Amino acid sequence: DAKTTQPDSMESTEGETVHLPCSHATISGNEYIYWYRQVPLQGPEYVTHGLQQNTTNSMAFLAIASDRKSSTLILPHVSLRDAAVYHCILRAMNQGGSAKLIFGEGTKLTVSS
Amino acid sequence: EAAVTQSPRNKVAVTGGKVTLSCNQTNNHNNMYWYRQDTGHGLRLIHYSYGAGSTEKGDIPDGYKASRPSQENFSLILELATPSQTSVYFCASGDAPGGTGQLYFGEGSKLTVL
């Protein structure tokens, strides 16, 4: 699975829209982009995923560059509950689908009131 | 709601002792995973499984064994625990290939090896 690069940390204020960047310059055509978030003392929680098209759900909007070498997780109107470490992960879905999912350090998002 | 349950939640073991961490999922997912998380290293994959009877090595399998006796249960076994294995361990389950690929994580098991 290809590697991703994220900033170590980002800061925001409640009510702001936050853009969390992820670089994946060596992504393969069959790799999906997944985002998870994790708060202290809990396991990671799925946020969203996509392949090529932008996606949106109740938690976030995922913007994927046209060349797929980068993506941005957009969190609208963040609250204190959105403070977490956000992980950008690539997962290959070929040959029956790889089960392997590799996490990096992620971006620690701090939200102040 | 998908459910992944780990036990024990906290464990103190002695060096050289045997430790078994258990994981149960009620999601009927084919894939299950064991990760460990340490400060400065994020989540690292130890073992994973595609289904009952299968186990695969992850990125850091040394010192660990895994067992998947059934669809629901996946255990991580430390035959001879060492202080370097002090960590928080997370189990996860995920649906079969072709699905969303979403993983569901347990609450974590904190292991301290003295």
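Basis of the calculations
- Residues numbered from 1 in each chain as written.
- Chains lettered and ligands numbered in written order.
- Predicted model: local features only at pLDDT ≥ 70, side-chain atom pairs only at ≥ 80, totals over all residues.
- Heavy atoms only, no water.
- Helix = DSSP H or I, 4+ residues; strand = E, 2+ residues; numbered from the N terminus.
- Rg over C-alpha atoms; globule rule 2.2 N^0.38 Å.
- Buried < 20%, exposed > 50% of the residue type's maximum accessible area, 1.4 Å probe, protein only.
- Contact = heavy atoms within 4.5 Å.
- Areas by Shrake-Rupley, 256 points an atom, 1.4 Å probe, with all protein chains shown as cover.
- Salt bridge = Lys/Arg side-chain N within 4 Å of Asp/Glu carboxyl O.
- Polar contact = N/O pair within 3.5 Å; in protein donor to acceptor, adjacent residues only side chain to side chain.
- Nonpolar A, V, L, I, M, F, W, Y, C, P; charged D, E, K, R; others polar.
- Core = buried A, V, L, I, M, F, W, Y, C linked by side-chain atoms within 4.5 Å.
- Pairing = 2+ DSSP bridges.
- Phe/Tyr/Trp six-rings, centres within 6.5 Å; stacked < 30°, edge-to-face > 60°.
- Disulfide = S-S within 2.5 Å.

Draft legend 1. Broad picture of the overall build of chain A. Across its full length, chain A carries zero helices and nine strands. Counted from the first residue to the last, chain A has its helices and strands arranged as β-β-β-β-β-β-β-β-β. Here the C-alpha atoms of chain A give a radius of gyration of 14 Å, agreeing with the 13 Å that 2.2 N^0.38 yields for 113 residues. Along the first, second and third principal axes, the C-alpha atoms of chain A reach 45 × 30 × 25 Å. Taken across its 113 residues, chain A has 46% of its residues classed as buried. Within chain A, contacts between residues at least 6 apart in sequence are counted, and of these 58% link residues at least 24 apart. Within the structure as shown, chain A displays about 5,600 Å² of accessible surface, and the carbon and sulfur contribution to it stands at 49%.

Draft legend 2. Representation of the overall build of chain B. Looking only at helices and strands, chain B has zero helices and eleven strands in total. Traced from its N-terminal end to its C-terminal end, chain B shows the element sequence β-β-β-β-β-β-β-β-β-β-β. Whereas a compact globule of 114 residues would reach a radius of gyration of roughly 13 Å, chain B reaches 13 Å, a difference of no more than 12%. Based on the C-alpha atoms only, the size of chain B along its principal axes is roughly 40 × 30 × 25 Å. Across chain B, every contact between residues at least 6 apart in sequence was considered, and the portion connecting residues at least 24 apart equals 54%.

Draft legend 3. Focus on the interface of chain B and chain A. Counting from both sides, the interface comprises 23 residues of chain B and, opposite them, 21 residues of chain A. Inspection of the chain B/chain A interface yields zero salt bridges. If you look at where chain B meets chain A, you find three residue pairs in polar contact (both at pLDDT 80 or more). Looking at the side of chain B that touches chain A, the elements that each hand over two or more residues are strand S4 (31-38), strand S5 (42-49) and strand S10 (103-105) of chain B. Per-class residue counts for the side of chain B that touches chain A are ten nonpolar, eleven polar and two charged.

Draft legend 4. Structural view of the nonpolar core. Residue and element names in this part refer to chain A. By size, the foremost hydrophobic cluster in this structure holds 19 residues, and its most contacted members are Leu20, Ile33, Trp35, Leu73, Leu75, Tyr86 and Leu109. Contributing elements (two or more residues each) for this core: strand S2 (18-23), strand S3 (31-38), strand S6 (61-64), strand S7 (70-75), strand S8 (84-92) and strand S9 (107-112). Considering each element in turn, this core owes the most residues, four residues, to S8. Those residues within four positions of Leu109 in sequence are excluded, and the remaining contacts are Met10, Ser12, Val18, Leu20, Leu75, Asp82, Ala83, Ala84 and Tyr86.

Draft legend 5. How the structure looks around the pairing of S2 of chain A. All names here are of chain A. Along S2, the buried face is formed by Val18, Leu20 and Cys22; none of His19, Pro21 and Ser23, which line the opposite face, is buried. The pairing of S2 with S7 spans six bridges and is antiparallel. Each residue of the ladder has a partner; that of Ser23, found in S7, is Ser70.

Draft legend 6. Local environment of the packing of aromatic side chains. Counting across every chain of the model gives eleven aromatic pairs over all chains. When the ring of Tyr33 of chain B is compared with that of Tyr35 of chain B, the centres are 6.1 Å apart and the planes differ by 20 degrees; the resulting orientation is stacked.

Draft legend 7. Main features of the side chain of Ser109 of chain B. Looking at where Ser109 of chain B falls in the secondary structure, it is placed in strand S11 (residues 109-113). When residues no more than four places from it in sequence are discounted, the contact partners of Ser109 of chain B are Gln6, Ser7, Pro8, Arg9, Leu21, Ser87, Val88 and Tyr89 of chain B.

Draft legend 8. Here's a closer look at the state of the cysteines. Taken as a whole, this structure holds two disulfides over all chains when the rule is applied. Here Cys22 of chain A pairs with Cys88 of chain A through a disulfide, and the sulfurs are 2.1 Å apart. With the S-S bond torsion at -85 degrees, the cross-link from Cys22 of chain A to Cys88 of chain A turns out left-handed. Of this pair, Cys22 of chain A sits in strand S2 while Cys88 of chain A sits in strand S8; the two residues are 66 residues apart in sequence, bridging distant segments of the chain. In this model, Cys23 of chain B is linked to Cys91 of chain B through a disulfide, with the two sulfur atoms separated by 1.9 Å. One quick way to see it: the torsion about the S-S bond of Cys23 of chain B and Cys91 of chain B is about -80 degrees, and its sign makes the bridge left-handed. One end of the pair, Cys23 of chain B, is in strand S3 (residues 19-25); the other, Cys91 of chain B, is in strand S9 (residues 87-94), with 68 residues separating them in the sequence. Both residues of the pair, Cys23 of chain B and Cys91 of chain B, count as buried.

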